[in-house]
Amino acid sequence: MASMPDHRKRNTFTSYVAPAPGDVSAIALEDEWCLPSDTRDVHLAKPRLLNKELIVVSAPAYMYSAISTIDNILENGTTFGGKEAVFGLLTVTNFKLAFVPLQRDNPLCGLASTCYQEHLFLQRNDVTLNNIDHVIQCAESGRAVNVLPGNAGRRKKRLDAQQKVLNHRIAALHVVCKNFRLFKFAFQLTKGGRDWGKLIAAALARFVYPKCHDLSFAYRYQEPYYPTISKPGVSMYASKNDWARELIRCGSNNWQVISSETIPILQQQRHSSKYTFPPHFVIPKACTVERFLDLSRAFCDSRAAFWVYGYGNASLVRLAELKPTAQQDTTVENVMLELVRACNERKMLHLLQLTDRLPNIHDVQKAYHKLRRLCAPESPSEFVMEDAKFLTLLEKTNWLFYVSLCLRYSCEAADTLRDGTTCVLQETNGRDLCCVISALTQIILDPLYRTIDGFQSLIQKEWIALEHPFQRRLGHIRPAADSNGPDEESPVFLLFLDCVWQLLQQYPDEFEFSQTYLVTLWDACFMPLFDTFQFDCNADRMKAVQDSHLVLRPVWDWSEQFSEKDKFFFTNPFYQRQRQEIPCRRSIAIPAGAIMLPGLAKTSAHRATFNPHNFIQQSSIPKDRYLEPQHRMSVLGIWEQCYYRWMPILEIKGGGFPQIDLFHRLLLSNINKLQRSLELQDFEDLPDVYYELTREPKPSLQTHTTPELIDGVERRRKSLPPNPTGQKPQTPECAMNLMPEISSFFPFGVNGGETQQLNDILISSNEFLLEGSIMDRLSIA
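If you're wondering where the values come from, they're calculated on a predicted model, not measured in any experiment.

### Concerning the overall build of the chain
Secondary structure summary: the chain contains 24 helices and 16 strands in total. For the chain, with 781 residues in total, the buried portion stands at 52%. Here the analysis covers contacts within the chain between residues at least 6 apart in sequence; of these, 75% occur between residues at least 24 apart. As displayed, the chain offers around 36,000 Å² of accessible surface, 53% of which is attributable to carbon and sulfur atoms.

### Points about the nonpolar core
By size, the foremost hydrophobic cluster in this structure holds 135 residues, and its most contacted members are F455, W463, F493, F496 and Y643. At twelve residues, helix α10 (residues 399-418) tops the list of elements feeding residues into this core. Lining this core are residues from two domains, each supplying at least three of them: domain 1 (44-142 + 153-209) and domain 2 (240-569). If we skip the residues at most four places from it in the chain, F496 touches V436, A439, L440, I443, F455, I459 and W463.

### A short note on the UniProt feature "binding site: substrate" (unreviewed entry) in the chain
Residues annotated by UniProt as "binding site: substrate" (unreviewed entry) correspond here to N360 and I361. In this structure the side chain of N360 is engaged in a polar contact, spanning 3.1 Å, whose partner is the backbone nitrogen of H362. If you trace the backbone, I361 turns up in helix α7 (residues 361-375). Note on I361: relative accessible area 14%, which makes it buried. Among all residues touching I361, those that are not within four sequence positions of it are D432, R473, E488, E489, S490 and V492.

### A closer look at the pattern of salt bridges
All chains considered together, the criterion is met by 33 salt bridges. With a closest N to O distance of 3.5 Å, R478 and D133 form a salt bridge. With R478 in the loop between α13 (470-473) and α14 (492-506) and D133 in strand β5 (residues 132-140), the pair connects residues that are 345 residues apart, well separated along the chain. Each member of the pair, R478 as well as D133, carries the same accessibility label: buried. Among the ionic contacts, a cluster of salt bridges with common partners joins D133, R158, D160, R372, R478 and E489.

### Here's the deal with the packing of α7 against helix α9 (residues 390-397)
Running from amino to carboxyl end, α7 crosses α9 at an angle of 160°, the nearest separation of the two axes being 8 Å. By the angle between their axes, α7 is roughly antiparallel relative to α9. For the element pair α7 and α9, the recorded crossing hand is left-handed. Note on element contacts: α9 touches α7 through F390, L393, L394, K396 and T397, opposite A367, K370, L371 and L374. Considered class by class, the residues forming the contact of α7 with α9 number six nonpolar, one polar and two charged.

### Points about the side chain of T421
Looking at where T421 falls in the secondary structure, it is placed in the loop between α10 and β14 (422-427). On the basis of relative accessible area, T421 is assigned to the buried category, the value being 10%.

### Focus on the packing of α14 against helix α15 (residues 515-524)
One can describe the packing of α14 onto α15 by two numbers: an axis separation of 10 Å at closest approach and a directional angle of 180°. Here α15 runs roughly antiparallel to α14, going by the angle between their axes. Residues F493, L494, L497, V500, W501 and L504 of α14 lie in contact with α15, whose contacting residues are Q515, L518, L521 and W522. A per-class count over the contact of α14 with α15 returns nine nonpolar, one polar and no charged.

### Focus: unusual backbone geometry
Residues F746 and P747 are joined by a peptide bond in cis, for which omega reads 5°. Checked against the element boundaries, P747 lands in the loop between α23 (732-736) and α24 (755-767). In this model, F180 sits at a positive phi of 75°, which is unusual for a non-glycine residue. Mapped onto the fold, F180 is located in the loop between β7 (170-177) and β8 (182-186). Its relative accessible area of 2% is what places F180 among the buried residues. Positive phi, normally seen in glycine, also occurs at K347, with a value near 55°. Counting through the fold element by element, K347 comes out in the loop between α6 (331-341) and β13 (349-353).

### A word on empty space enclosed by the protein
The gaps left among the atoms become clear once a water-sized probe is rolled over them. Scanning all chains against the criterion turns up five cavities of 30 Å³ or more. Taken as a whole, the largest cavity holds about 80 Å³ of empty space. D133, K178, Q365, Y368, H369, R473, L474, E489, P491, W522 and F526 together form the lining of the largest cavity. Of the residues in the lining of the largest cavity, the class split is five nonpolar, two polar and four charged.

### Structural notes on the sheet that holds strand β11 (residues 306-311)
With mixed pairing, the four strands of this open sheet are ordered in space as β11-β12-β14-β13. Of all the strands in the sheet, just β11 and β13 have a single pairing partner and so form its edges. Taken over all neighbouring pairs, the strand axes of this sheet differ in orientation by 20° on average, direction set aside. Two strands pair when backbone bridges link them, and strand β12 (residues 314-320) and β14 are joined in this way by five bridges, in the parallel orientation. Of the residues in β14, the one forming a bridge with V317 is V424.

### Describing the pairing of strand β10 (residues 280-284)
Counting buried residues in β10 gives five out of five residues, a clear majority hidden from the surface. Where strand β9 (residues 255-259) meets β10, five bridges bridge the pair, whose relative direction is antiparallel. Each residue of the ladder has a partner; that of I258, found in β10, is F281.

### Points about α15
By the criterion of burial, α15 is predominantly enclosed, with ten of the ten residues buried. Residues of α15 that are buried: Q515, T516, Y517, L518, V519, T520, L521, W522, D523 and A524. Where α15 is buried, its residues meet α12 (452-465), α14, α20 (640-643) and α21 (657-680).

### Comments concerning the environment of V308
Among the structural elements, V308 can be located in strand β11. Between the C-alpha atoms of V308 and S438, which are 130 residues apart in sequence, the distance is 8.0 Å. Beyond its immediate sequence surroundings of up to four residues, V308 is in contact with L316, V317, R318, S438, Q442, K461, E462 and L466.

Thresholds, definitions, all that
Residues numbered from 1 in each chain as written. Predicted model: local features only at pLDDT ≥ 70, side-chain atom pairs only at ≥ 80, totals over all residues. Heavy atoms only, no water. Helix = DSSP H or I, 4+ residues; strand = E, 2+ residues; numbered from the N terminus. Buried < 20%, exposed > 50% of the residue type's maximum accessible area, 1.4 Å probe, protein only. Contact = heavy atoms within 4.5 Å. Areas by Shrake-Rupley, 256 points an atom, 1.4 Å probe, with all protein chains shown as cover. Core = buried A, V, L, I, M, F, W, Y, C linked by side-chain atoms within 4.5 Å. Domains from an automatic or database assignment. UniProt positions renumbered as here; feature names shortened; annotations may be inferred. Polar contact = N/O pair within 3.5 Å; in protein donor to acceptor, adjacent residues only side chain to side chain. Salt bridge = Lys/Arg side-chain N within 4 Å of Asp/Glu carboxyl O. Axes fitted to C-alpha atoms, helices over the stretch in contact; angles between N-to-C directions. Parallel < 35°, antiparallel > 145°, perpendicular 65-115°, else oblique. Left-handed = near helix turned anticlockwise from the far one by under 90°. Nonpolar A, V, L, I, M, F, W, Y, C, P; charged D, E, K, R; others polar. 1 Å grid on protein atoms, 1.4 Å probe; cavity = no way out; pocket = protein on both sides within 12 Å on 5 of 7 lines; lining within 4 Å. Points joined across faces, edges and corners; volume = space filled by probe spheres on them. Pairing = 2+ DSSP bridges.

Below, the structure written as structure tokens:
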């Protein structure tokens with residue numbers, strides 16, 4: 001045995017005993033796959049596990065591209081997979097579905113290059129169980145297995161919360177995700193008769209569709225959380241002071257903040273359905289708390305008039321509709337509206353009824369399903385058929401029509417506030433489309449909410465603090481179907497993000513965040529480790545903390561999920577920070593005996609005489625920074641980076657908008673270097689493009705450089721190696737070839753860019769900062 005060659009040493013033992021859950025060693029005994037020698041060690045492809053993450057079942061499988069066909073699985077199993085397939089280990093845990101390939105150099109794996117968004121909790125081919133919408137089971141039938149739509153050689157059945165696992169052998173699984181991603185896995189029949197597909201399908205049926213929230217992996221993953229979010233950054237609206245500061249900023253004097261914990265009747269009945277108030281809310285000053293509670297009982301979910309924003313003398317208010325039993329008498333509603341009208345000095349009020357003008361949650365869900373089927377075809381033939389009449393099919397989804405309606409009524413609400421008239425948004429429960437219109441209105445009017453911190457604060461206020469039911473709308477819980485009740489799933493939050501993306505396309509220099517940030521935010525909705533988008537209300541969140549010791553992690557702490565390299569792409573290089581938004585340099589200090597300049601003296605005197613009682617009389621929101629977006633369907637586009645990013649057939653290799661974005665970052669880096677050289681009168685650190693255009697030799701820097709202080713921050717110049725060959729500097733044409741050739745769906749799609757070049761551009765653009773640059777790490781930390 002010692003003299004036997006290595007390629008002859010293989011295990012010939014055959015096991016007919018089903019492996020225990022998570023026992024990947026049993027897979028190593030399956031030597032009946034007729035596999036090449038470099039793929040026999042599938043048991044070595046173990047997934048990366050988190051603390052208390054357990055493997056349910058693992059199985060050898062082939063992964064196919066989302067648009068490819070699985071049509072070469074023959075009965076005898078001699079040929080399987082092909083060039084389009086990647087062999088590896090498919091694993092179901094209590095947190096995710098993970099595929100670890102053995103052929104890591106295959107472009108389908110996305111591992112040939114690290115030039116993509118790297119998640120700290122998920123690998124390239126991992127998907128959380130929360131993200132899985134349903135699974136298509138493809139059973140073997142006949143002498144060959146073919147999962148092409150329309151072929152009679154196979155049987156397909158949907159696996160979801162209501163459907164069960166197929167009785168036949170499962171040859172392939174299609175995993176359809178809520179973020180438009182589509183996985184295709186195929187399984188080969190072994191001589192031992194082990195049905196790997198059925199093992200995976202049974203595990204998914206058990207763990208993907210939990211009937212209660214405490215089955216989520218977040219309740220098991222109790223790692224301590226150490227926040228890195230700066231306090232002045234994101235306002236969480238989790239305290240009374242947060243709402244009070246917003247009242248002061250908006251100059252709204254006729255409103256008051258109420259905390260539920262200070263109201264005895266709410267504390268006594270907090271476990272009943274009589275009242276469903278958020279922890280803190282703002283009501284008219286002219287109304288007592290007892291009277292407000294008495295009036296709120298007539299409204300759905302107790303959602304009486306809640307203040308959310310002020311613009312001059314006008315206010316933006318959210319209001320639910322009357323309960324069906326109280327709709328015959330509108331006296332209570334009229335009384336509530338008069339209380340709101342009294343808060344406006346001009347006594348002007350506009351009621352914007354959203355129920356009759358906007359789609360309901362079921363309409364949004366239907367449009368989402370149609371859009372997902374259109375943007376994620378399962379085969380090339382289906383893609384060709386849809387491509388021939390794409391615009392017609394897109395219009396039939398009604399998705400862009402709903403986006404147009406949301407933008408239209410947001411503009412109407414914004415115009416109402418600009419005219420000095422209070423706008424009341426009324427919806428059935430005041431927690432769905434009210435969130436969309438209210439948040440979009442504030443983005444249109446207030447430049448603060450177009451920054452990253454401001455936008456995150458806006459979502460905290462409108463969606464989290466005022467309790468949009470994320471748990472039901474995103475399908476985190478899949479209870480048994482009730483024939484008497486409608487389905488409550490609806491991606492209302494995705495509709496809002498699409499509207500924001502439309503605004504970003506029309507005003508690219510007004511938003512600090514990029515579309516990559518918006519796409520990442522949508523993906524973050526299905527990360528159960530972060531509580532931001534996991535609960536229907538704050539009471540459920542606090543109950544989970546008290547009863548199950550859930551560790552709360554806000555999703556806004558992006559350092560928990562991404563490295564600095566990936567967070568750079570959350571910012572928009574087109575963004576122009578206004579002068580009043582530019583923070584003072586941290587290095588400005590007035591030494592003893594110095595003569596104060598007039599500008600600094602004026603600023604200092606203003607800060608010394610600051611009076612909060614005078615400040616609340618006037619809003620600090622600029623009135624000349626509002627947007628006037630177009631909302632007609634003819635000017636709207638489809639969000640390709642979000643909806644098409646998993647479609648390799650649509651990727652533009654080395655092209656698309658990300659190339660433009662990256663080139664602008666490079667230009668910004670060169671501008672910063674030039675300005676720095678002029679300020680310091682030190683021209684040894686000019687950008688490379690200067691020497692390329694002038695053909696001048698670039699001076700070599702010393703290997704050891706001394707640190708220097710710039711704006712109070714220590715900076716070190718990069719040391720360049722000497723040029724012993726004496727080669728001529730590159731021409732501008734050659735310099736353009738140094739740009740990383742990333743794809744149009746970067747950083748999500750599969751691409752072959754040069755990671756080191758990309759990192760150099762990002763690092764250099766952050767090393768030399770202009771005053772108020774959006775590339776400051778503190779702005780996205």
